[in-house]
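# Structural description and commentary
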Amino acid sequence: VSKRVADLILEKQPSYVKELERVTALQTNLQLGAVICTNARRQLRVAKEEFTEASLGLLANQKRRQLLTGLLKSLRTIKTLVILTYHCHSLNTLKPDKYYDTLSSINQILFSYS
């Protein structure tokens, strides 16, 4: 019986070695897949953080733009008021025949401001 068992073992050894090599290759491929997945997750996390930072930067820029637009509107209003003040003060020093021109200028300023 021992001889027969020994013969069977020797007969099946090449297929055993072949299957063992397949299992080892599969294990190596699984380890490589795990490394690839780990790296992909890390890269996704970094990309998410960079995307979030970029989005926050865009929001900050948009807020700054809105503030500057409001400031520009205020400055234009101040400029218009300064011009109107100048024209109103000039009414005191004008001759009566220039009133119409000055009032027309004031009217144009007010109309363009609306």
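Given the structure is predicted, the values throughout are model-derived calculations rather than measurements.

Right, let's get into the overall build of the protein chain. Summing up its helical and strand segments, the protein chain has two helices and zero strands in all. For 114 residues, the compact-globule formula gives about 13 Å, and the C-alpha radius of gyration of the protein chain, at 43 Å, lies well above that figure. Counting only C-alpha atoms and orienting by the principal axes, one finds that the protein chain spans roughly 140 × 15 × 10 Å. Across the 114 residues of the protein chain, 7% fall into the buried class. Accessible area of the protein chain: about 10600 Å², with a carbon and sulfur share of 64%. Charge-centre separation for the protein chain: the mean point of 17 positive side chains lies 9 Å from the mean point of 9 negative side chains.

Right, let's get into the pattern of salt bridges. Taken as a whole and assessed by the stated rule, the structure comprises two salt bridges. Put simply, Asp-7 and Lys-3 hold a salt bridge, and the shortest N to O gap is 3.6 Å. Residue Asp-7 and its partner Lys-3 are both found in helix α1 (residues 2–93); the two are separated by four residues, about one turn of the helix. Judged by relative accessible area, Asp-7 falls into the partly exposed class, the value being 37%.

Here, the residues flagged by UniProt with the feature "domain: Vacuolar protein sorting-associated protein 54 N-terminal" (unreviewed entry) are residues 1–105. For the annotated span residues 1–105, helix accounts for 94% and strand for 0% of the residues, and the straight-line distance between the end C-alpha atoms is 124 Å.

This brings us to α1. Compared with the 136 Å implied by 1.5 Å per residue over 92 residues, the 133 Å span of α1 between its first and last C-alpha is a close match. Along α1, the sharpest kink reaches roughly 45 degrees, centred on Gln-13 and followed within four residues by the proline Pro-14. For α1, the full list of buried residues reads Thr-80, Leu-84, His-87, Ser-90 and Leu-91.

On to the environment of Thr-38, then. Within the secondary structure, Thr-38 sits in helix α1. The class for Thr-38 is partly exposed, based on a relative accessible area of 39%. Counting along the chain gives 28 residues from Thr-38 to Leu-10, while the straight-line C-alpha distance between them is 42 Å. Separated by 2.9 Å, the side chain of Thr-38 and the backbone oxygen of Ala-34 make a polar contact.

Definitions and cut-offs
Every chain begins its residue count from 1, and numbering advances along the sequence as written. Whole-chain, interface and lining totals are the exception, using all residues; otherwise, since this is a predicted model, local features are given only for residues with pLDDT of at least 70 and side-chain atom pairs are given and counted only at 80 or more. Neither water nor hydrogens contribute to the side-chain values; these are computed over all heavy atoms in the structure. In DSSP terms, a helix is any run of H or I states spanning at least four residues, a strand is any run of E spanning at least two, and both are numbered starting from the N terminus. With the radius of gyration taken over C-alpha atoms, the globule rule is written as 2.2 Å times the number of residues to the power 0.38. The classification of residues rests on relative accessible area computed with a 1.4 Å probe and restricted to protein chains. Under 20% of the type maximum is buried, over 50% is exposed, and intermediate values are partly exposed. Accessible surface is estimated by sampling points in the Shrake-Rupley manner with a 1.4 Å probe; for residues, cover comes only from the protein chains shown. Charged residues are defined narrowly, with Lys and Arg counted positive, Asp and Glu counted negative, and His plus the chain ends left uncounted. To locate a charge, take NZ of a lysine, CZ of an arginine, CG of an aspartate or CD of a glutamate. Only one rule defines a salt bridge in this text: a Lys or Arg side-chain nitrogen within 4 Å of an Asp or Glu carboxyl oxygen. UniProt positions are given in the numbering used here, feature names are shortened, and annotations may be inferred rather than shown by experiment. By definition here, a helix of n residues has an expected span of 1.5 Å times n minus one. A residue's bend is simply the angle between two axes: one fitted to the seven residues ending at it, one to the seven starting at it. For this analysis, a polar contact is any N or O atom pair within 3.5 Å, provided that within protein one partner can donate a hydrogen and the other can accept it, and provided that sequence-adjacent residues contribute only side-chain to side-chain pairs.

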